Amino acid sequence: MKLKKLLPSIAGLLVSATLLFAAAGDGLWMTRVPEKDRNRQNPFANDSLAVAAGTKLFHQNCASCHGNDALGLNNRPNLHSERIHAATPGELEWLLKNGSMKNGMPSWSRLPEQQRWQIVTYLKSLQ
Ligand code: HEC
């Protein structure tokens, strides 16, 4: 009896949760980052020249999906989010290198590692 009453709200919750995840990415990629990569340090942390270089690289490679301001476009995630704020630099560099292809995020392994770290510095400067 009670359960029957609850069912519509449970169904509603599931639908909104699915829509939310579809719109913002589900963050599952984070569970795939190996421990050793997670803890890697960004050689360009807080380097203002790297922020400038990373901004330029972002506009060239990422803005078509994430927007010029990294606020997200067409269901591609906003990168000013709590998740990106909390992510370690190593996690972000790992995602750039490996992508999340199944969900439509390409791999950037063809960029030199140094450029991926500059982009990470830019992402961290958004917070
Ligand atoms: C072709 C479209 C596309 C391009 C180009 C692209 N991305 Fe993505 N990006 C996505 C999609 C789709 C996701 C969601 C993937 C997921 O959640 O598994 C994503 C996820 C991310 C995330 C994780 C977001 C989160 O909340 O979990 C980061 C960080 C990111 N992208 C950064 C970048 C950077 C930096 C570049 C450029 C080097 C880039 N992306 C280029 C489509 C793109």
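Residues numbered from 1 in each chain as written. Predicted model: local features only at pLDDT ≥ 70, side-chain atom pairs only at ≥ 80, totals over all residues. Heavy atoms only, no water.

Undergrad: Residues and numbers for the nonpolar core, please.
TA: Considering soluble globular proteins, one finds that nonpolar side chains tend to be buried as a cluster. Counting residues in each nonpolar core, the largest one holds 24 residues, and the members touching the most others are Trp29, Phe58, Leu79, Leu92, Leu96, Ile119 and Leu123. The set of elements that each furnish at least two residues to this core consists of α3 (48-61), α6 (89-98) and α7 (113-125). A per-element tally of this core places α7 first, with five residues. Setting aside anything within four residues of it in sequence, one finds Leu92 in contact with Trp29, Ile84, Ala87, Val120, Leu123 and Lys124. (Core = buried A, V, L, I, M, F, W, Y, C linked by side-chain atoms within 4.5 Å. Buried < 20%, exposed > 50% of the residue type's maximum accessible area, 1.4 Å probe, protein only. Helix = DSSP H or I, 4+ residues; strand = E, 2+ residues; numbered from the N terminus. Contact = heavy atoms within 4.5 Å.)

Undergrad: Describe in detail the site of the ligand, supporting the description with residues and values.
TA: Taken together, 22 residues form the shell around the ligand, and within it Cys62, Cys65, His66, Ser100 and Met105 come nearest. Trp29 has a polar side-chain atom sitting 2.7 Å from an oxygen atom of the ligand. The cavity where the ligand resides is the largest pocket. Those elements giving two or more residues to the shell around the ligand turn out to be α4 (63-66), α5 (82-86) and α6. The biggest single contributor to the shell around the ligand is α6, with three residues. Of the residues contributing to the shell around the ligand, the split by class is 13 nonpolar, six polar and three charged. (Near = heavy atom within 4 Å. Polar contact = N/O pair within 3.5 Å; in protein donor to acceptor, adjacent residues only side chain to side chain. 1 Å grid on protein atoms, 1.4 Å probe; cavity = no way out; pocket = protein on both sides within 12 Å on 5 of 7 lines; lining within 4 Å. Sits in = over half its atoms within 2 Å of the grid points. Nonpolar A, V, L, I, M, F, W, Y, C, P; charged D, E, K, R; others polar.)

Undergrad: Help me get a handle on the layout of surface pockets, residues and values and all.
TA: If you add up the space inside the largest pocket, you get close to 660 Å³. His66, Pro77, Leu79, Leu95 and Met105 are, among the 32 residues lining the largest pocket, the residues nearest its centre. If you list the elements that add at least two residues to the lining of the largest pocket, you get α1 (2-24), α3, α4, α5, α6 and α7. Of the residues in the lining of the largest pocket, the class split is 18 nonpolar, 11 polar and three charged. (Points joined across faces, edges and corners; volume = space filled by probe spheres on them.)

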